[in-house]
Amino acid sequence: MSLVKIHHTIFSMPFALIGFFLAVKENGDNISLRLLLLVILCILFARNAAMAFNRYVDREIDRKNPRTALRELPKEIISPRSAMFFVILNAAAFIITTGFLNLLCLFLSPVALIIVLGYSFTKRFTYLSHLFLGAGLALAPIGAYLAVAGKFDVLPLLYSFCVLLWVAGFDIIYALQDIEFDKSENLKSIPARIGIRNSLLLSALFHFISVILIVVAGVIYPFQWLYWTGCAVFTLLIIYQHLIVKPGDLSKVNLAFFTLNGIASIIYAVFVIADLFMK
């Protein structure tokens, strides 16, 4: 649980649930607890595989970085072999579980794994690694929607793009902690490339666009006041994280990264799902 930071599932799971309940509502289906459980398992298995693989691939880098030197693999609390076995186990479980959803999800499962596992290499060759991370988490809403509906649609795709930019934005903020280390190890990150101030501006731009996308989603679908309340809270929390992280003061990066974004995703999902089923 510590290796894969299971609590970080808080970023993808709420949007996966939005995709799931949106598909249920759109298709006029009854809520299937079996299907819901399968979707949750898919999210957990894919994320476990991705996070453990990232820790495996980055174990030597993490050993050099004072901030990450105490992680499980650098400290040899967990062996690389065990970590890779965990990756394979979860990747296999993910593919098998998608087979219980529908054929489309099963056929797309290797593509999803390529995206979420491939992110681990991106920091070695592109400054856009933050967007690749966002793309991995962006699979949650569209994947959950496909699990129920078995087809693509505009609204879940909007949510996926929202997640992509939202995650990329706060990952840029998180990467500010390692700016000097990334430069010394020739690792690619936006902060290492354009500096702290410009990185915060770019993060704010990504978050601004993500907010615009959820507003567009609210206009497209006939949501009511609960949706717009959740949208407002989400927006305010996004704004607040940019107010507390400043070029001259990075002491609140972790608060902005995990706490505020985690709360924002949960509150937004609760209000969206409640609005969907409000009489």
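Each chain carries its own residue numbering, running from 1 in the written order of its sequence. The predicted nature of this model means local features are confined to residues of pLDDT at least 70 and side-chain atom pairs, given and counted, to a pLDDT of 80 or more, with totals for whole chains, interfaces and linings taken over all residues. Hydrogens are left out, water is left out, and the side-chain values use all remaining heavy atoms of the structure.

Draft legend 1. Highlighting the environment of alanine 217. A run of H or I in DSSP counts as a helix once it spans at least four residues, and a run of E counts as a strand once it spans at least two, with each numbered from the N terminus. Structurally, the position occupied by alanine 217 is in helix H9 (residues 190-220). With relative accessibility at 0%, the residue alanine 217 sits in the buried group. Each C-alpha atom of the pair alanine 217 and aspartate 171 lies 24 Å from the other, and the pair is 46 residues apart in sequence. When checking whether two residues touch, look at their non-hydrogen atoms; a contact exists if any pair is within 4.5 Å. The contact partners of alanine 217, leaving out residues within four places of it in the chain, are Leu155, Leu158, Tyr159, Phe223 and Tyr227. Here's how the labels work: a residue is buried when its accessible area is under 20% of the maximum for its type, exposed when over 50%, partly exposed in between, all with a 1.4 Å probe on protein chains only.

Draft legend 2. Layout of the pattern of salt bridges. A pair is scored as a salt bridge if a Lys or Arg side-chain nitrogen falls within 4 Å of a carboxyl oxygen belonging to Asp or Glu. Going through the model one piece at a time under the given rule, you end up with six salt bridges. A salt bridge links arginine 124 to aspartate 58; its shortest N-O distance comes to 3.0 Å. Placement of arginine 124 in the loop between helix H5 (103-122) and helix H6 (129-149) and of aspartate 58 in the loop between helix H2 (33-57) and helix H3 (59-64) is noted, with a sequence separation of 66 residues between them. Classification of arginine 124 as partly exposed rests on a relative accessible area of 33%. Judged by relative accessible area, which is 16%, aspartate 58 ranks as buried. Close ionic contact of lysine 64 with glutamate 185 constitutes a salt bridge, the shortest N to O distance being 3.4 Å. Highlighted residues: lysine 64 in helix H3 and glutamate 185 in the loop between helix H8 (179-184) and H9, separated in sequence by 121 residues. Given the relative accessible area of 53%, lysine 64 is considered exposed.

Draft legend 3. Region of the structure containing unusual backbone geometry. Of note in this structure, lysine 5 is not a glycine but carries a positive phi near 45°. Turning to its location among the elements, lysine 5 is positioned in the segment before helix H1 (13-27). In this structure lysine 5 comes out as partly exposed when scored by relative accessible area, which is 25%. Here asparagine 186, not a glycine, exhibits a phi torsion of approximately 55°, which is positive. Note that asparagine 186 resides in the loop between H8 and H9. Classification of asparagine 186 by relative accessible area gives exposed; the value is 53%.

Draft legend 4. Region of interest: the packing of aromatic side chains. Note on ring pairs: Phe, Tyr and Trp rings are taken, using the six-membered ring of Trp, and paired if centres are within 6.5 Å. Classes follow the plane angle, with under 30 degrees stacked, over 60 edge-to-face and the rest tilted. Here the structure, examined in full by the defined rule, presents 19 aromatic pairs. When the centroid spacing of 5.2 Å and the interplanar angle of 80° are considered together, the rings of tryptophan 166 and phenylalanine 170 count as edge-to-face. Here tryptophan 166 pairs with phenylalanine 170, and both are found in helix H7 (residues 154-175), just four residues apart, close to one helical turn. One exposure class covers both tryptophan 166 and phenylalanine 170, and it is buried. Seen from the ring of tyrosine 56, arginine 59 lies directly overhead, with NZ or CZ sitting 4.2 Å from the centre. Geometrically, a lysine NZ or arginine CZ counts as sitting over a ring once it is within 6 Å of the ring centre and also within 35 degrees of the ring normal.

Draft legend 5. Seen up close, the environment of leucine 113. On the secondary structure map, leucine 113 appears in helix H5. With 18 residues separating them along the chain, leucine 113 and isoleucine 95 place their C-alpha atoms 8.9 Å apart. Every residue in contact with leucine 113, bar those within four places of it in the chain, is listed here: Ala91, Phe94, Ile95 and Gly118.

Draft legend 6. Inspection of the side chain of serine 129 at higher detail. Mapped onto the fold, serine 129 is located in helix H6. For serine 129, a relative accessible area of 3% gives the class buried. Ignoring any residue separated from it by four or fewer positions in sequence, one finds serine 129 in contact with Tyr119, Thr122, Lys123 and Lys188.

Spatial relationships are all this shows, so hold off on functional conclusions.
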